[in-house]
Amino acid sequence: MLEFNFSPFPELATRRLRLRQITAEDLPDFYALRENDAVRTYIQRPPGTYQEVQEILNKSLASFAKNETISWAICFPGQPKLVGLMAFWRIAREHHYAEIGYSLLPEFWRQGIASEALQAVLKYGFEQMRLHRVEADVDPGNTASVRLLEKFGFVREAHFKENYFHDGRFFDSYIFSLLEPAWLAAISQ
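Parameters at a glance
- All residue numbers refer to positions counted from 1 along the written sequence of the respective chain.
- Selection of residues for local features in this predicted model requires a pLDDT of at least 70, selection of side-chain atom pairs for listing and counting requires 80 or more, and totals for whole chains, interfaces and linings are taken over all residues.
- Each side-chain value is worked out from all heavy atoms of the structure, with water and hydrogens disregarded.
- Note on pairing: two strands pair once DSSP finds at least 2 bridges between them.
- Put simply, DSSP H or I for four residues or longer makes a helix, DSSP E for two residues or longer makes a strand, and each gets a number counted from the N terminus.
- Working rule for contacts: check all heavy atoms of both residues, and any pair within 4.5 Å makes them a contact.
- Here an angle of 0 to 180 degrees is reported between the N-to-C directions of two axes, which are lines fitted to C-alpha atoms, with helices fitted over the stretch in contact.
- Ring pairs are drawn from Phe, Tyr and Trp, using the six-membered ring of Trp, whenever the two centres fall within 6.5 Å, and their geometry is named by plane angle: stacked under 30 degrees, edge-to-face over 60, tilted for the rest.
- Each residue's exposure class comes from its accessible area (1.4 Å probe, protein chains only) as a fraction of the maximum for that residue type: buried when under 20%, exposed when over 50%, partly exposed otherwise.

Here the focus is the sheet that holds strand S5 (residues 97-104). If you trace the eight strands from one edge of the open sheet to the other, you get S1-S2-S3-S4-S5-S6-S8-S7, paired in mixed fashion. This sheet does not close on itself; its edge strands, each paired only once, are strand S1 (12-13) and strand S7 (155-166). Of the pairings in the sheet, the one linking S1 to strand S2 (residues 18-21) comprises two bridges and is antiparallel in character. What sits directly across from Ala-13, in S2, is Arg-18. Along the sheet, helix H4 (residues 113-127) makes contact with S1, S2, strand S3 (70-75), strand S4 (84-92), S5, strand S6 (133-138) and strand S8 (169-179), crossing S4 at roughly 30°.

On to the packing of aromatic side chains. What characterises a pair of aromatic rings is the spacing of the ring centres plus the angle enclosed by the ring planes. Going through the model one piece at a time under the given rule, you end up with ten aromatic pairs. Clustering of aromatic rings is evident, with ring pairs tying together Phe-4, Phe-6, Phe-9, Phe-64, Trp-72, Phe-88 and Tyr-124.

This brings us to the environment of Asn-142. Residue placement: Asn-142 occurs in the loop between S6 and helix H5 (143-151). Relative accessible area serves as the criterion here: at 19%, Asn-142 is assigned to the buried category. For Asn-142 and Tyr-42, which are 100 residues apart along the polypeptide, the C-alpha to C-alpha distance reads 6.3 Å.

What follows concerns the side chain of Ser-103. Note that Ser-103 resides in strand S5. By relative accessible area, which is 18% here, Ser-103 ends up buried. Apart from the residues within four sequence positions on either side, Ser-103 is in contact with Leu-33, Val-39, Gly-84 and Leu-85.

What follows is the structure, encoded as structure tokens:
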């Protein structure tokens, strides 16, 4: 079984980005990201009030404090504003597994930011957390996310038909996975 401790927080840096710990002070930016209509296009969840989103952030921080999940605020160096999030959650230590999730404000789409952040977070997950498998659950219509995952060697393993119910409709989802050997092969190219 995997053992890890996220304290001190593993801040990550890339050529253009700083991936830092999310804090309670990020609530306004967290709310803006979570409630953005364009961001929510492919995430089937009801809109939330400011107080509901604050409770979600508090649960995330509590889960982090127990080493159950880890979330990075995607920022630019020297700027505290959160422009996106990336997280490992649904971590199953006994299976060396975690699900990855991410979102980015629309004004930062198509600039390579998600790709840069994903590479750093996957590197941390495979090398530091010693994960063997990372999984992602994606709306089939989210072609940008599908391309991003495929760029890093993720393989689509499943297409679940109408497995989410939201706002009176059923939605499909794709399940992608990346195994450590595939990750090692992808970064060595």
